[in-house]
Amino acid sequence: MSLVGKTAVITGSNSGIGLGIATELARAGANVVLNSFTDRQEDHDLAEEIEREYEILARYIKADMSKPDECRALIVQAGACDILVNNAGIQHVAPVDTFPTGKWDAIIAINLSSAFHTTAAALPMMRDAGWGRVVNIASAHGLTASPYKSAYIAAKHGIVGLSKTVALETAEEPITCNAICPGYVLTPLVEAQIPDQMKTHGMDRETVVREVMLARQPSKQFATVEQIGGTTVFLCSDAAAQITGTTISVDGGWTAL
Ligand code: NAD
């Protein structure tokens, strides 16, 4: 699959799944724009490393996805956006009746509304270019629920709905919009939770992963950032040109239960 000459903007891509997606898109030949809300030398270094490794153009643009103006400015600053991956996301866990309002607002803003703003800014560019792909990173929690994650689950269900609507609005154009629904993915964030879980449950690493973290993931394996990146590359391929307005689960069977 060659994406040479395409520009991909990946929100929240200085770590974890977003970085994995940016790397796989770069491997496929796309120029990539990395993003997060920080502006550290290491953020820019990441882009430089990807540029060198894959011989494409890569840069890092700071933009806070909780702020509508910055979401739109990211796309404008990118200068081109053939592939838009809405990946930035945060989580907070608490019962509904004590869920902090500020956390609710931040999760809805970053995990859902940012995708509305970036998509609105990117679609005219895709139309001018005569080709476009919008890939939204939802979650198994975009299709199912768990207790104590009300804002996250509302946002992830919301982004699945947004993906369907954008797909219908672009259905007659060479633009597609889909949502990837990962189960548990082994990112540095998830990896960091393992020692605490081992202590809490008095279990070894393997048991904690299998019985606690992957309790709902029938494969009993984490998905990898490379697999989410590869699924994104597939959605950008010609083979996926008629795949639009749908979800692709990468969840080891979670949503089949
Ligand atoms: P992560 O914390 O490693 O990555 C989140 C990214 O979003 C980081 O780059 C972070 O800097 C960025 N970000 C956070 N707030 C931001 C803001 N205000 N503006 C711009 N960027 C911001 O976590 P991850 O696991 O890689 O998650 C990436 C996406 O995948 C999220 O949308 C998450 O909901 C989704 N997801 C993750 C899993 C999993 O098991 N890890 C499963 C399903 C879905």
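Structure first, text after, so check above.
Reading the values: the criteria
- Residues numbered from 1 in each chain as written.
- Predicted model: local features only at pLDDT ≥ 70, side-chain atom pairs only at ≥ 80, totals over all residues.
- Heavy atoms only, no water.
- Helix = DSSP H or I, 4+ residues; strand = E, 2+ residues; numbered from the N terminus.
- Buried < 20%, exposed > 50% of the residue type's maximum accessible area, 1.4 Å probe, protein only.
- Salt bridge = Lys/Arg side-chain N within 4 Å of Asp/Glu carboxyl O.
- Near = heavy atom within 4 Å.
- Polar contact = N/O pair within 3.5 Å; in protein donor to acceptor, adjacent residues only side chain to side chain.
- Nonpolar A, V, L, I, M, F, W, Y, C, P; charged D, E, K, R; others polar.
- Domains from an automatic or database assignment.

1. Digging into unusual backbone geometry
Residues other than glycine seldom take positive phi values, yet E55 does so here, at roughly 55°. Locating E55 in the fold gives a position in the loop between α2 (41-54) and β3 (58-62). According to the relative accessible area criterion, E55 is exposed, its value standing at 73%. One non-glycine residue, K220, adopts positive backbone phi at about 60°.

2. Overview of the pattern of salt bridges
This structure, assessed with the given rule, holds eight salt bridges. The salt bridge partner of K67 is D64, with a shortest N-O separation of 3.3 Å. According to the relative accessible area criterion, K67 is partly exposed, its value standing at 40%. Note that E191 and R205 form a salt bridge whose closest N and O atoms lie 2.7 Å from each other. Residue E191 is located in helix α6 (residues 188-201), and its partner R205 is located in helix α7 (residues 205-213); the two are separated by 14 residues in the primary sequence. Judged by its relative accessible area of 38%, R205 falls in the partly exposed class.

3. Some thoughts on the site of the ligand
Surveying the vicinity of the ligand reveals 30 residues, the closest of which are N14, I17, S36, N87 and Y152. Within the contact set of the ligand, an oxygen atom lies 2.7 Å away from a side-chain nitrogen or oxygen of N14. One of the side-chain N or O atoms of Y152 is found 2.6 Å from an oxygen atom in the ligand. When contributions to the shell around the ligand are tallied by element, the ones reaching two or more residues are α1 (16-27), β2 (31-36), α5 (150-169) and α6. Among the residues making up the shell around the ligand, the classes are represented as 15 nonpolar, 13 polar and two charged. Each of two domains, domain 1 (7-185 + 223-252) and domain 2 (186-221), supplies a minimum of three residues to the shell around the ligand.

Read these as spatial facts, not as claims about activity.
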